[in-house]
Amino acid sequence: MGVGVIVGIWVARYLGPEMFGLLNYAMAFVALFGVVASLGFSGLVVRELVNQPENANTILGTAFLLQFLSGILAYILVVVTIILLQPENDLLRLIVMVLGLTLVFKASEVVKYWFESQVMSKYTVWVENGAFLLMSAAQVLLILYQAPIMGFVWVTVASSLSVFIGLFAVYIWRAEGSG
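Throughout, a residue's number is its position along its own chain's written sequence, starting from 1. Note on the predicted model: pLDDT of at least 70 is required for a residue's local features to be given, and 80 or more for side-chain atom pairs to be given and counted; whole-chain, interface and lining totals, by contrast, use all residues. Only heavy atoms go into the side-chain values, all of them from the structure, while hydrogens and water stay out.

J.: I keep staring at helix α1 (residues 2-38) and nothing clicks. Help me out?
T.: What sets the pattern is the α-helix's 3.6 residues per turn: residues three or four places apart point alike. With 37 residues, α1 should cover 54 Å at 1.5 Å per step; its first-to-last C-alpha distance of 29 Å lies more than 12% under that length. Note that bend, as reported per residue, equals the angle between axes fitted to the 7 residues terminating at that residue and the 7 residues originating from it. Comment: elements are numbered from the N terminus, with helices defined as DSSP H or I runs of at least four residues and strands as E runs of at least two. Of all the bends in α1, the greatest reaches close to 115° and is centred on Gly-16; the proline Pro-17 follows between one and four positions later. Of the residues one or two after α1, Leu-39 is the one with positive phi, at around 60°. Multiplying 1.5 Å by the helix residue count minus one yields the expected span of that helix.

Structure follows, in structure tokens:
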């Protein structure tokens, strides 16, 4: 948490009120559409995985497909909405369009559900914390090299992608090890 606070303050000071505000507005705007992308599956999928472990692959596959498709739908909705609401703000539209890609990566949450059902959430914490630390280091480098705001946007997307890939890699590793 300390790293997050320090890097967050440093990023805010570097970008300044206008650019930092724009970045946070875009992040909040995309987060509103995250509800569509997640479909509220958490409790339902975990319960089904616990009650029907023999059907885990089918449950996870179905949940992944539905969340992936809803992520694409949420991305389309966020892009259309920002175009309609902010037709004159090219930079904001670009930031939202790039950050919106994170909605598609929310499909990796189904892996978190499997780890929850197996009482092995420590692996998801490792992946997410590792991605966070890499993102923080990348943000420090962006500040040191005086990068524009889009660098911070792309680092956020890369962090989300690394969680997506990391969760699936750990799932493959642990699922093979458990049976």
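J.: Sorry, what's going on with the packing of aromatic side chains here?
T.: Aromatic ring pairs are reported here in terms of the distance separating the ring centres and the angle at which the planes meet. Here a Phe, Tyr or Trp ring, Trp counted by its six-membered ring, pairs with any other such ring whose centre lies within 6.5 Å, and the pair is stacked when the planes are under 30 degrees apart, edge-to-face when over 60, and tilted otherwise. Tallied over the full model, the rule gives 13 aromatic pairs. Taken together, a centroid distance of 5.6 Å and an interplanar angle of 50° make the contact between Phe-105 and Phe-164 tilted. In this pair, Phe-105 sits in helix α5 (residues 101-105) while Phe-164 sits in helix α8 (residues 149-177), placing the two residues 59 residues apart along the sequence. With a 1.4 Å probe rolled over the protein chains alone, any residue whose accessible area is under 20% of its type maximum counts as buried; one over 50% counts as exposed, and the rest are partly exposed. You can call Phe-105 buried: its relative accessible area is 18%. When the ring of Trp-114 is compared with that of Phe-115, the centres are 5.1 Å apart and the planes differ by 75°; the resulting orientation is edge-to-face.

J.: Explanation requested: the nonpolar core in the structure shown.
T.: In summary, soluble globular proteins display a tendency toward joint burial of nonpolar side chains. Among buried residues, the Ala, Val, Leu, Ile, Met, Phe, Trp, Tyr and Cys ones that are joined through side-chain atoms within 4.5 Å form a nonpolar core. Counting 33 residues, the largest nonpolar core has Leu-23, Val-78, Ile-95, Val-96 and Leu-99 as the members making the most contacts within it. If you list the elements that add at least two residues to this core, you get α1, α3 (56-85), α4 (90-99), α5, α7 (122-144) and α8. For this core, the leading source of residues is α1, giving 10 residues. Residues count as neighbours in contact if any of their non-hydrogen atoms are within 4.5 Å of one another. With near-sequence residues (within four places) excluded, Leu-99 lies in contact with Leu-23, Ala-26, Met-27, Val-30, Val-153, Thr-156 and Val-157. Listed in part, the 21 residues of the second largest apolar core include Ile-59, Ala-63, Phe-115 and Tyr-171.

J.: What's the story with the packing of α1 against α3 in this structure? I'm lost.
T.: The relative placement of two packed helices comes down to the angle between their axes together with the axis-to-axis distance. Every axis corresponds to a line fitted to the C-alpha atoms, with the helix fit spanning only the stretch in contact, and the corresponding angles, defined between N-to-C directions, vary from 0 to 180 degrees. At their nearest, the axes of α1 and α3 sit 8 Å apart, and the two run at 150° to each other. On the basis of their axis angle, the class for α1 and α3 is roughly antiparallel. You can see that α1 and α3 cross each other, and the crossing is right-handed. For the pair formed by α1 and α3, the contact residues are Phe-29, Val-30, Phe-33, Val-36, Ala-37 and Ser-38 on the first element and Gln-67, Ser-70, Gly-71, Ala-74, Leu-77, Val-78, Thr-81, Ile-82 and Leu-85 on the second. Only Asp, Glu, Lys and Arg are considered charged in this grouping, and only Ala, Val, Leu, Ile, Met, Phe, Trp, Tyr, Cys and Pro are considered nonpolar; every other residue, Gly among them, is considered polar. Considering only residue class, the contact of α1 with α3 consists of 10 nonpolar, five polar and no charged. Oblique is the label for any angle not under 35 degrees, not over 145, and not in the 65 to 115 range, which are roughly parallel, roughly antiparallel and roughly perpendicular in turn. Crossings are assigned a handedness: left-handed for a near helix turned anticlockwise from the far helix by less than a right angle, right-handed for a clockwise turn.

J.: Is there a simple way to explain the pattern of salt bridges in this structure?
T.: Definition used for salt bridges: Asp or Glu carboxyl oxygen within 4 Å of a side-chain nitrogen of Lys or Arg. On inspection of all chains with the given rule, the structure shows four salt bridges. Here Arg-93 makes a salt bridge to Asp-90, at a shortest N to O gap of 2.8 Å. Here the residue Arg-93 and the residue Asp-90 both occupy positions in helix α4, the gap between them amounting to three residues, near one helical turn. Given the relative accessible area of 17%, Arg-93 is considered buried. The residue Lys-112 makes a salt bridge to Glu-128 at a minimum N-O spacing of 2.9 Å. Taken as a pair, Lys-112 in helix α6 (residues 109-117) and Glu-128 in helix α7 lie far apart in primary sequence, 16 residues in all. Looking at Lys-112, the relative accessible area reads 23%, which means it is partly exposed.

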